[in-house]
Amino acid sequence: MAQHNITLNQEEILELLQDSRPDAFKNLLQESLNGVLKTESAEQLQHISCSFL
């Protein structure tokens, strides 16, 4: 299993959690998962471009 490092903006997290909105955790999780998907897609594109060389 691959390991991913995700940088979360502390101010954005605190803002989401302080608003006490019901979707705050959903938004935080969505941002994290989008970061994982972005990293994985970049890795896949790099592997594809290397295979053509």
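Bear in mind the structure is a predicted one, so any value in this text is a computation, not a measurement.

Rules used in this analysis
Residues numbered from 1 in each chain as written. Predicted model: local features only at pLDDT ≥ 70, side-chain atom pairs only at ≥ 80, totals over all residues. Heavy atoms only, no water. Helix = DSSP H or I, 4+ residues; strand = E, 2+ residues; numbered from the N terminus. Buried < 20%, exposed > 50% of the residue type's maximum accessible area, 1.4 Å probe, protein only. Areas by Shrake-Rupley, 256 points an atom, 1.4 Å probe, with all protein chains shown as cover. Patch = residues over 30% accessible without salt bridge, like charges linked within 9 Å, V, L, I, M, F, W, Y side chains within 5 Å. Salt bridge = Lys/Arg side-chain N within 4 Å of Asp/Glu carboxyl O. Lys, Arg positive; Asp, Glu negative; His and termini not counted. Charge placed at Lys NZ, Arg CZ, Asp CG, Glu CD. Polar contact = N/O pair within 3.5 Å; in protein donor to acceptor, adjacent residues only side chain to side chain. Expected span 1.5 Å × (residues − 1). Contact = heavy atoms within 4.5 Å.

**Notes on the overall build of the protein chain**
Here is step 1: What the protein chain contains, in helices and strands, is two helices and zero strands.
Here is step 2: Here the protein chain holds 53 residues, and 13% of them are scored as buried.
Here is step 3: For the protein chain, the accessible surface area stands at approximately 4900 Å², while carbon and sulfur atoms represent 55% of it.

**Section: a nonpolar patch on the surface**
Here is step 1: Together, Phe25, Leu29 and Leu33 make up an exposed nonpolar region whose accessible area comes to about 310 Å².
Here is step 2: Inspection of the secondary structure puts Leu29 in helix H2 (residues 24-51).
Here is step 3: According to the relative accessible area criterion, Leu29 is partly exposed, its value standing at 40%.

**Notes on a negative patch on the surface**
Here is step 1: On the surface, Glu11, Glu12, Glu15 and Glu31 cluster together into a negatively charged patch.
Here is step 2: Among the elements that take part in the negative patch, helix H1 (residues 10-18) stands out by supplying three residues, more than any other.
Here is step 3: One can find Glu15 in helix H1.

**Looking at the environment of Ser41**
Here is step 1: With respect to the helices and strands, the residue Ser41 is situated in helix H2.
Here is step 2: Overall, Ser41 belongs to the partly exposed group, its relative accessible area being 38%.
Here is step 3: Within the local environment of Ser41, its side chain forms a polar contact with the backbone oxygen of Lys38, the two atoms lying 3.0 Å apart.

**Things to note about H2**
Here is step 1: Helix length check: H2, at 28 residues, gives a terminal C-alpha distance of 41 Å against a target of 40 Å (1.5 Å per residue), a fit within 8%.
Here is step 2: Where H2 is buried, its residues meet H1.

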